[in-house]
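Fold and contact review
In case you want the letters, here they are:
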Amino acid sequence: MKRRTALTTAVAALTAPALALGAAESAQAQTAFARGADISSLAKSEAKGGVYMWADGWKEDAIWILQKSGVNWIRLKVWVNPADGYNNKTHVVNVAKRARAAGMNVLVDFHYTDTWADPGAQTKPAAWADYSVAQLKTAVYNHTADVLGAMVAAGAAPQMVQVGNELNGGMLWPTGRYDQLDNLAQFLISGANAVRATVPAAKVMLHLAEGGNNSVFRWFFDEMKARGVTWDAIGASYYPYWHGSLAGLQSNLNDMASRYGKPVYVVETAYPFNPGDRDGFGNIISAATPVAGYPASYTGQSNMLTAIANVVKAVPNGRGAGVFWWEATWTAVAGNGWDPYDPNSKNGWENQALFDFAWKAAPALKTLGTL
């Protein structure tokens, strides 16, 4: 996704029975429309002093604010050996435990790198740099099984797992790049096998960016299907200021759901509530009106989310399965910047979080929770 490339080049309290969802309730939650939030930055934010509040200023655990607002899924990314020690197995397990205790489902997003993975960057983990194809297949399996096994042991088994992140250009470059499709397919099969062996009930998702680009989606999924890759769900990133019109998104999601017979998700989206920034570091999206008709405002943010959700819900045969807001809790907290190698880096995304510059829940959080 281009954001990283650009940077480098009241509410009712949860009742006691809901804390331990019964089997029927849990199954129902998993099949409901996913009102999701990626909160991968939360653990580091909290460690650096980040706080989260309701609109009236009442402080509470961010996960409970999300849950009480109606969010029913959280998404967490996993890096192999991140320089800052976050987005690793330990933190993913801990945050997932909290989310499951709040009755929410969990989507784990494996990047198979030590830092950001997106269409412009899919660097091998440093420890895997000299591995052969066979060694990389084993490493993908072992890493996936290790993290998921720890989650299962902690009582925080995920309900869905992404094998790779924004795979337009492949993964584990150059060995699994877009021009090495046989290798790429083997890596995805290895990761999916680890998911199914470790968490048999979890869905396997494959995820691309550019949600309005049907030709890329058809190319990728056709090529992977031809090489024996299987999946249970299709994820798309759709950032409306980068990825085309809502009509293009609709056309692509409709086609994906029909062509492959799988549920489709917008698994990453966001939009600004303000064109400014809070930490003195320019934001990636700073236009007053990034997309015509949707100003960078509380209203514009909520309306864009509603428009995207309406597209997903309109996918035929009930295969439009959910929407996830990317980095809902990534507020401007000193020390919680975009670069895991630089403890002084800042955040270029805080104007697209679901908590505003005063750390209070933005109106779009309620919109997300009531989709």
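For the structure, see preceding data.
Residues numbered from 1 in each chain as written. Predicted model: local features only at pLDDT ≥ 70, side-chain atom pairs only at ≥ 80, totals over all residues. Heavy atoms only, no water.

Describing empty space enclosed by the protein
Its volume calculated, the largest cavity comes out at about 110 Å³. Classifying every residue of the lining of the largest cavity by side-chain character gives six nonpolar, five polar and four charged. Surrounding the second largest cavity, Ile 39, Ser 40, Ala 43, Lys 44, Leu 76, Lys 77, Tyr 86, Asn 87, His 91, Val 92 and Val 95 form its lining. Looking at the lining of the second largest cavity, the elements with two or more residues in it are helix H4 (42-47), strand E2 (73-78) and helix H6 (89-101). (1 Å grid on protein atoms, 1.4 Å probe; cavity = no way out; pocket = protein on both sides within 12 Å on 5 of 7 lines; lining within 4 Å. Points joined across faces, edges and corners; volume = space filled by probe spheres on them. Nonpolar A, V, L, I, M, F, W, Y, C, P; charged D, E, K, R; others polar. Helix = DSSP H or I, 4+ residues; strand = E, 2+ residues; numbered from the N terminus.)

A closer look at the environment of Gly 36
Looking at the secondary structure, you find Gly 36 in strand E1 (residues 34-38). Through-space distance from the C-alpha of Gly 36 to that of Met 256 is 21 Å; in sequence the pair is 220 residues apart. Those residues within four positions of Gly 36 in sequence are excluded, and the remaining contacts are Val 71, Asn 72, Trp 73, Val 323, Phe 324, Trp 325 and Leu 368. (Contact = heavy atoms within 4.5 Å.)

Re the side chain of Asp 109
Tracing the backbone through its elements, the reader meets Asp 109 in strand E3 (residues 105-110). Accessibility expressed as a relative area gives 2% for Asp 109, which makes it buried. Within the local environment of Asp 109, its side chain forms a polar contact with the side chain of Arg 75, the two groups lying 3.0 Å apart. Among residues more than four places away in sequence, those in contact with Asp 109 are Arg 75, Leu 76, Lys 77, Val 78, Gln 162, Gly 164 and Asn 165. (Buried < 20%, exposed > 50% of the residue type's maximum accessible area, 1.4 Å probe, protein only. Polar contact = N/O pair within 3.5 Å; in protein donor to acceptor, adjacent residues only side chain to side chain.)

Some words on the sheet that holds E3
Strand order in the closed barrel formed by eight strands is E1-E2-E3-E4-E7-E8-E9-E10, and the pairing between neighbours is parallel. Taken pair by pair, the neighbouring strands of this sheet meet at an average axis angle of 25 degrees, ignoring direction. With four bridges connecting them, E1 and strand E10 (residues 320-325) associate as parallel partners. Opposite Arg 35, over in E10, you have Val 323 as the bridge partner. (Pairing = 2+ DSSP bridges. Axes fitted to C-alpha atoms, helices over the stretch in contact; angles between N-to-C directions.)

Here's the deal with helix H10 (residues 246-260)
In this model, H10 (15 residues) spans 21 Å end to end at C-alpha, consistent with the 21 Å of a helix rising 1.5 Å per residue. Where the residues of H10 are buried, they touch helix H9 (214-226), strand E8 (233-237), strand E9 (264-269) and helix H11 (298-313). (Expected span 1.5 Å × (residues − 1).)

Digging into the packing of aromatic side chains
Per the stated rule, a full pass over the model turns up 22 aromatic pairs. On the basis of an interplanar angle of 35 degrees and a centroid distance of 6.2 Å, the ring pair of Trp 116 and Trp 330 is categorised as tilted. On the criterion of sequence distance, the pair formed by Trp 116 in the loop between E3 and helix H7 (133-153) and Trp 330 in the loop between E10 and helix H12 (363-369) is long-range, its members being 214 residues apart. Trp 330 shares its class with Trp 116; the two are buried. One aromatic cluster is present, built from ring pairs that chain together Trp 79, Trp 116, Tyr 239, Tyr 241, Trp 242, Tyr 271, Trp 326, Trp 330 and Trp 349. Here the basic side chain of Arg 177 rests over the ring of Tyr 178, its NZ or CZ set 5.9 Å away from the ring centre. The ring of Phe 33 has Lys 313 lying over it, and the distance from NZ or CZ to the ring centre is 5.0 Å. (Phe/Tyr/Trp six-rings, centres within 6.5 Å; stacked < 30°, edge-to-face > 60°. Lys NZ or Arg CZ within 6 Å of the ring centre and 35° of its normal.)

Observations concerning the pattern of salt bridges
Two side chains carrying opposite charge are able to pair once their charged atoms lie near each other. Evaluation of the coordinates by the stated rule reveals 15 salt bridges. Note that Asp 109 and Arg 75 form a salt bridge whose closest N and O atoms lie 3.0 Å from each other. Residue Asp 109 is found in strand E3, and its partner Arg 75 is found in strand E2; the two are separated by 34 residues along the sequence. Neither residue differs from the other here; Asp 109 and Arg 75 are each classed as buried. Residue Asp 255 is joined to Arg 218 by a salt bridge in which the shortest nitrogen-to-oxygen separation is 2.8 Å. (Salt bridge = Lys/Arg side-chain N within 4 Å of Asp/Glu carboxyl O.)

Overview of H6
Across its 13 residues, H6 extends 18 Å between first and last C-alpha, which sits within 8% of the 18 Å expected from 1.5 Å per residue. For H6, every residue scored as buried is listed here: Val 92, Val 93, Val 95, Ala 96 and Ala 99. Next to the buried residues of H6 lie H4, helix H5 (62-69), E2, E3 and H7. Directly beyond the C-terminal end of H6, a positive phi value near 85 degrees is found at Gly 103.

Looking at the nonpolar core
Core analysis: the largest hydrophobic core is formed by 100 residues, its most contacted members being Leu 188 and Phe 221. Every residue in contact with Phe 221, bar those within four places of it in the chain, is listed here: Leu 206, Leu 208, Trp 231, Ile 234, Met 256 and Tyr 260. Judged by nonpolar contacts, the second largest core, of 10 residues, contains Leu 107, Met 205, Ala 233 and Ala 321. (Core = buried A, V, L, I, M, F, W, Y, C linked by side-chain atoms within 4.5 Å.)

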